[in-house]
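Now for the letters of each chain:
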There are 2 protein chains.
Amino acid sequence: MTASLLLRNVRPYAGATTDILIENGRITRVAQGIEAPAGVPVEDGRSEIVIPGLIEAHTHLDKSLWGLPWYKNEVGPRLLDKIDNERENKKRLNIDPYRQSARQSIQSSLMGSTHIRSHVDVDTEHGMWGVEGVMRTRDEYRDIVDIELVAFPQSGLLRRPGTLELMDQAMKAGCEIVGGLDPCAIDRDPKGHLDAVFALCQKYGRPLDIHLHEPGEMGLFSFDLIVERTRALGMKGKVTVSHAFCLGVDAALVDPLTAELAELDIAIMTTAPASRPAPPVRKLIEAGVRVCSGNDGIRDTWGPYGNADMLERAMFVGLRNNFRRDDELRMALDVCTSEGAKVMEIEGYGLTEGSNADVVILPGETVAEAIVTRSPRRRVVKCGKVVARDGVSIRTAP
Amino acid sequence: MTASLLLRNVRPYAGATTDILIENGRITRVAQGIEAPAGVPVEDGRSEIVIPGLIEAHTHLDKSLWGLPWYKNEVGPRLLDKIDNERENKKRLNIDPYRQSARQSIQSSLMGSTHIRSHVDVDTEHGMWGVEGVMRTRDEYRDIVDIELVAFPQSGLLRRPGTLELMDQAMKAGCEIVGGLDPCAIDRDPKGHLDAVFALCQKYGRPLDIHLHEPGEMGLFSFDLIVERTRALGMKGKVTVSHAFCLGVDAALVDPLTAELAELDIAIMTTAPASRPAPPVRKLIEAGVRVCSGNDGIRDTWGPYGNADMLERAMFVGLRNNFRRDDELRMALDVCTSEGAKVMEIEGYGLTEGSNADVVILPGETVAEAIVTRSPRRRVVKCGKVVARDGVSIRTAP
């Protein structure tokens, strides 16, 4: 499914204008005045910015309501209210994981994402419905976006017997990542929960990406247990902690942990939430910690927000971290591109010769302007082929 | 400048479809199946949502960089860094208050705002340049938007001798509101600063709208002095405190103050910032406090963000306050519409018969969907005339 293409007059990261030659899905030359080889189509970059594909490193493809009638949200305030409401109403609301993940994947591609890490619910009510649906989307839409699956015990692991066996089944079926969730607050057995998910990682030789919403000292306690296991099991570079609100508390409490994150190469995913304490992006990156971002749930029973745009997410990263200077906005973009690629361990990511030809062309004088403007006029290239242009995808949603 | 118009098939606040007859700039009938009087044009509402005009209750029209070449922000982190950088570079960067306020006003109108409260810098470096420029815009563009001016001592009042005299001159020239700024942190003389601005209010019989960025206990101290003067001078209902980050600290500290805000009808303006403590919107509104919002600076030397869209601001209010339910998103919209109108004391605001014909027609199944989607396909009616349609204004920017 790879293609060749000459991008004429584009500006990598808003720098000097150049041409980029793509052959068989890879960038083979970056230079001014490249002649198009015979038969290779030319795309006029119009001196717009080019960046590598946006990285959606945390979302839930299986549960979006995208394209369904408006869901009137009257759900209670607690995390468990949202979890139970969703599980109990998923079938009634017709949230088919295949259809909905396909819809969101196309929307995501339109906005410029070329890679998605999706947590997918695994629970005793719906079994493998979510995993099978998202895997079908992954297979059918791999021409426009790469999807990896995290087997995610959204309703808890130990508190609902049978879930662990389903998690095992999901990993056996080909999920790339083991998921986890609030070992104290939801499962109420931090040792039991973490031993179980780390054991799955060991059994399948797969990384961990665990949701940790737990605030303050409780979250730091769970984090400490995660660090302990990462070290003991030799899983350096193979653990991501998503949300990690507890990293937003006092520096005196967080700084010692930050040093351990860097040492064990534990990655952090933040949506840069406005209403919660949040990981300090600049501080973590400067400490050498990989920090990625994601849109999390897009218009689901949890909340109505979201359009799957990782450029908008870069704006949220900027707003949450009080980034105002141009170099700070570049850091926000890095979180949504190169940092995300590091977390997802994407080989050949970038704009240099030899890189995968997964890029986005978009208007703007500078990177900062591109982020704050978030123009819908984007051209998205996947494996050397233009797969989306000005809000129109080459694929249609079911 | 008033006009007549029949809006056919619109849904007030996403409710049942109806017609709205506008005559001479006022809504005269709301009913199904209204016949258009002779000569009155008909606008097909296409069953879209209609809401009253968005209220931009806090911005800085005089200092936007909208339409100028990209400004590379390399400014230091402190508030004073931003204040000094702006004042010292305003002329060099060609930030002409007339031109820039006209540009932002048109953008604001395109997005559906029908009323703007603009703080306008008054300082010894630029004197009345800002006030005169924004007044010219106010006069020349009153067919599309109503603008009121706050005389604003952005660089401090007492710390820069001569500023108070200029503030007096600005009020004499017709500014509607007296401004103020961080009596402790910037002017370092809370009693002196507050006595001076309240004296101006008394002299001109005008309300106060004071910027209060001061955090935590310092902010609560300044707030206490503001409350004291509001009570002593009988200025109930005539004071707005903008930003008020200090209201985002512990409820135990803030609750007693909240009761006083309700008693003295002191209004709060919040941009719902993601990176700072912020006033708790629901709690304040439920206590009977008027709460409005604004976009603050739009793409200026302080920061690159902003597009003058108060519907986007409603989304930020929702995100900051963890509003997820549909009734909560309606509250976020109220902050950007009816609550703002109360703060700006706009007479005849609303969608009922007798109201001003200042409305926005926009797509969406529900109010919540309209907010999270923020479609640019909006029709904006000012005084009964369609002044903007799908991103195109009847006016052009200088």
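Residues numbered from 1 in each chain as written. Chains lettered and ligands numbered in written order. Predicted model: local features only at pLDDT ≥ 70, side-chain atom pairs only at ≥ 80, totals over all residues. Heavy atoms only, no water.

> Just to check I follow, could you spell out the overall build of chain A for this structure?
Within chain A one finds 12 helices and 16 strands. Relative to the 2.2 N^0.38 estimate, which gives 21 Å for 398 residues, the radius of gyration of chain A is 21 Å and therefore close to what a compact globule would have. Seen through its principal axes, chain A has C-alpha atoms that stretch 60 × 45 × 40 Å. Burial status across chain A gives 64% buried among its 398 residues. For chain A, the share of sequence-separated contacts (at least 6 apart) that also reach a separation of at least 24 residues comes to 76%. (Helix = DSSP H or I, 4+ residues; strand = E, 2+ residues; numbered from the N terminus. Rg over C-alpha atoms; globule rule 2.2 N^0.38 Å. Buried < 20%, exposed > 50% of the residue type's maximum accessible area, 1.4 Å probe, protein only. Contact = heavy atoms within 4.5 Å.)

> I keep staring at the interface of chain B and chain A and nothing clicks. Help me out?
Quite often, the size of an interface is put as the accessible area lost when its parts meet. Chain B puts 35 residues into the contact, and the matching count from chain A is 36 residues. Between chain B and chain A, a total of about 3,000 Å² is buried, with carbon and sulfur atoms accounting for 57% of that surface. Broken down residue by residue, the surface that chain B buries against chain A is led by Trp70(B), Tyr305(B) and Arg324(B), which jointly contribute 25%. On inspection of chain B and its partner chain A, the count reaches four salt bridges. Salt-bridge contacts for Arg374(A) lead to Glu312(B); the nearest nitrogen and oxygen are separated by 3.4 Å. At the boundary of chain B and chain A, one finds 18 residue pairs in polar contact (both at pLDDT 80 or more). Breaking the side of chain B that touches chain A down by element, the ones donating at least two residues are helix 9 (310-320), helix 10 (326-335) and helix 12 (367-373) of chain B. With six residues, the top contributor of residues to the side of chain B that touches chain A is helix 9 of chain B. Per-class residue counts for the side of chain B that touches chain A are 15 nonpolar, eight polar and 12 charged. (Buried area = accessible area lost by both parts, 1.4 Å probe. Salt bridge = Lys/Arg side-chain N within 4 Å of Asp/Glu carboxyl O. Polar contact = N/O pair within 3.5 Å; in protein donor to acceptor, adjacent residues only side chain to side chain. Nonpolar A, V, L, I, M, F, W, Y, C, P; charged D, E, K, R; others polar.)

> Help me understand the packing of helix 4 (residues 163-173) of chain B against helix 5 (residues 190-204) of chain B, please; the structure alone is not making it clear to me.
When two helices pack together, you describe them by how their axes are tilted relative to each other and by the distance separating the axes. Residue and element names in this part refer to chain B. Direction vectors running N to C along helix 4 and helix 5 enclose 25°, while the axes themselves pass 11 Å from each other. With respect to helix 5, the axis of helix 4 lies roughly parallel. When you trace helix 4 past helix 5, the crossing you get is right-handed. Of helix 5, the residues touching helix 4 (which contributes Leu-164, Met-167, Asp-168, Met-171 and Lys-172) are Ala-196, Leu-200, Lys-203 and Tyr-204. (Axes fitted to C-alpha atoms, helices over the stretch in contact; angles between N-to-C directions. Parallel < 35°, antiparallel > 145°, perpendicular 65-115°, else oblique. Left-handed = near helix turned anticlockwise from the far one by under 90°.)

> Sorry, what's going on with the sheet that holds strand 16 (residues 392-393) of chain B here?
Consider a sheet: its strands pair through backbone hydrogen bonds, and that pairing is either parallel or antiparallel. All names here are of chain B. Across the sheet, which stays open at both edges, the eight strands sit in the order 3-2-1-4-13-14-15-16 with mixed pairing between neighbours. Because the sheet does not close on itself, it has two edges, and the strands there are strand 3 (26-31) and strand 16. As paired elements, strand 13 (residues 359-362) and strand 14 (residues 379-382) share three bridges and run antiparallel to each other. Note on strand 14: the bridge partner recorded for Val-360 is Val-380. (Pairing = 2+ DSSP bridges.)

> Where do I start with the relation of the copies chain B and chain A in this structure?
The relation between the two copies of this chain is a rotation about an axis and a shift parallel to it. By a simple turn and slide, chain B fits onto chain A: the slide is 0.0 Å along the axis, the RMSD is 0.0 Å, and the turn is 180°. Given the turn and translation reported, the copies of this chain are related as if by a two-fold rotation axis. Within chain B, Ala274(B) has its C-alpha nearest the rotation axis, a separation of 2.2 Å. By residue overlap, the copies meet face to face through one surface: 100% of the interface positions of chain B are interface positions in chain A. (Least-squares fit on C-alpha atoms with pLDDT ≥ 70 in both.)

> What exactly am I supposed to notice about the UniProt feature "domain: Amidohydrolase" (unreviewed entry) in chain A here?
As annotated in UniProt, the feature "domain: Amidohydrolase" (unreviewed entry) corresponds to residues 49-387 of chain A in the numbering used here. Overall, residues 49-387 of chain A shows 39% helix and 17% strand. The separation of its end C-alpha atoms is 17 Å. (UniProt positions renumbered as here; feature names shortened; annotations may be inferred.)

> Before we go on, may I ask you to explain the side chain of His115(A) in this structure?
Residues and elements named next belong to chain A. Inspection of the secondary structure puts His-115 in strand 6 (residues 113-121). With a relative accessible area of 4%, His-115 lands in the buried category. A polar side-chain atom of His-115 sits 3.3 Å from a polar atom in the side chain of Asp-146. Ignoring any residue separated from it by four or fewer positions in sequence, one finds His-115 in contact with Leu-54, Ile-55, Glu-56, Val-145, Asp-146, Met-344, Ile-346, Asp-358 and Lys-382.

> Honestly, the pairing of strand 6 (residues 113-121) of chain B in this entry has me stumped. Any pointers?
Looking along a regular strand, one sees the side chains alternate between the two faces of the sheet. Residue and element names in this part refer to chain B. When you tally the buried positions in strand 6, you get nine out of nine residues, the bulk of the element. Bridge count between strand 5 (residues 54-59) and strand 6: four bridges; the pairing is parallel. Residue pairing across strands places Glu-56 opposite Ile-116, the latter belonging to strand 6. Inspection of the sheet shows strand 6 paired to strand 7 (residues 146-152) by seven bridges, in the parallel sense. If you follow Ser-118 over to strand 7, its bridge partner there is Leu-149. For the crossover that starts at strand 6, traverses helix 3 (residues 129-140) and ends in the parallel strand 7, the hand is right-handed. (Right-handed = clockwise from strand over helix to strand, strands pointing away.)

> Just checking my understanding: could you explain the nonpolar core for this structure?
Within soluble globular proteins, side chains that are nonpolar tend to cluster in buried spots. Counting residues in each nonpolar core, the largest one holds 172 residues, and the members touching the most others are Phe223(A), Val241(A), Phe223(B) and Val241(B). Beyond its immediate stretch of four places on either side in the chain, Val241(B) contacts Ile210(B), Leu212(B), Phe223(B), Ile226(B), Ile266(B), Ala267(B), Ile268(B) and Met269(B). (Core = buried A, V, L, I, M, F, W, Y, C linked by side-chain atoms within 4.5 Å.)

> Please explain unusual backbone geometry as it appears in this structure.
What you tend to see is this: most non-glycine residues have negative phi, and most peptide bonds are trans. The residue Asp265(A) is not glycine, and still its phi comes out positive at about 50°. Tracing the sequence through the fold places Asp265(A) in the loop between helix 7 (251-264) and strand 11 (267-269). Judged by its relative accessible area of 24%, Asp265(A) falls in the partly exposed class. The backbone of Cys383(B) shows a phi angle near 55°, a positive value even though the residue is not glycine. By secondary structure assignment, the location of Cys383(B) is in the loop between strand 14 and strand 15 (385-389).

> Would you mind showing me how to read the sheet that holds strand 1 (residues 5-12) of chain A here?
Residue and element names in this part refer to chain A. The mixed open sheet is built from eight strands, whose spatial order is 3-2-1-4-13-14-15-16. Pairing within the sheet leaves two strands with one partner each, and these edge strands are strand 3 (26-31) and strand 16 (392-393). Sheet analysis places strand 2 (residues 18-23) next to strand 3, joined by five bridges and oriented antiparallel. Pairing of Glu-23 across the sheet is with Arg-26, part of strand 3.

> Help me understand the side chain of Asp81(B) in this model?
Residue and element names in this part refer to chain B. Along the chain, the position of Asp-81 falls in helix 1 (residues 79-89). Polar side-chain contacts of Asp-81 include one of 2.8 Å to the side chain of Arg-78. In this structure, Asp-81 is in contact with Val-75 and Gly-76, ignoring residues within four places of it in sequence.

> Please clarify how the packing of aromatic side chains should be interpreted in this entry.
Between two aromatic rings, the relevant description is the distance of the centres plus the angle of the planes. Within the structure shown, the criterion is met by one aromatic pair over all chains. Centroid distance Phe316(A) to Phe316(B): 6.3 Å. Interplanar angle 85°. Geometry classified as edge-to-face. Of the two residues, Phe316(A) sits in helix 9 (residues 310-320) while Phe316(B) sits in helix 9, which places them in two different chains. Owing to a relative accessible area of 9%, Phe316(A) belongs among the buried residues under this scheme. Directly above the ring of Tyr98(A) sits Arg136(A), whose terminal nitrogen or CZ lies 3.6 Å from the centroid. (Phe/Tyr/Trp six-rings, centres within 6.5 Å; stacked < 30°, edge-to-face > 60°. Lys NZ or Arg CZ within 6 Å of the ring centre and 35° of its normal.)

> Would you explain helix 5 of chain B in this entry?
Since the α-helix turns once every 3.6 residues, residues separated by three or four places project in the same direction. Residue and element names in this part refer to chain B. With 15 residues, helix 5 extends 21 Å from end C-alpha to end C-alpha; this agrees with the ideal 21 Å at 1.5 Å per step. Buried residues in helix 5 make contact with helix 4, strand 8 (177-181), strand 9 (208-212), helix 6 (216-232) and strand 10 (239-243). Trailing helix 5 by a residue or two, Gly-205 shows a phi angle of about 60°, which is positive. (Expected span 1.5 Å × (residues − 1).)

> Mind showing me how you'd approach the pattern of salt bridges here?
Opposite charge on two side chains lets them pair, provided their charged atoms get close. Here the structure, examined in full by the defined rule, presents 88 salt bridges over all chains. Close ionic contact of Asp255(B) with Lys283(B) constitutes a salt bridge, the shortest N to O distance being 2.9 Å. Taken together, the residues Asp255(B) in helix 7 (residues 251-263) and Lys283(B) in helix 8 (residues 281-286) connect sequence positions 28 residues apart. Look at Asp255(B) and you get partly exposed, because its relative accessible area is 35%. Here Arg290(B) ties to Asp265(B) by a salt bridge, and the two come within 3.0 Å at their closest N and O atoms. Taken together, the residues span a long stretch of sequence, with Arg290(B) in the loop between helix 8 and strand 12 (291-292) and Asp265(B) in the loop between helix 7 and strand 11 (267-269) at a distance of 25 residues. Arg290(B) gets classed as buried once you look at its relative accessible area, which sits at 8%. One continuous salt-bridge network, built from bridges that share partners, spans Glu43(A), Arg46(A), Glu48(A), Arg377(A), Arg379(A) and Arg389(A).

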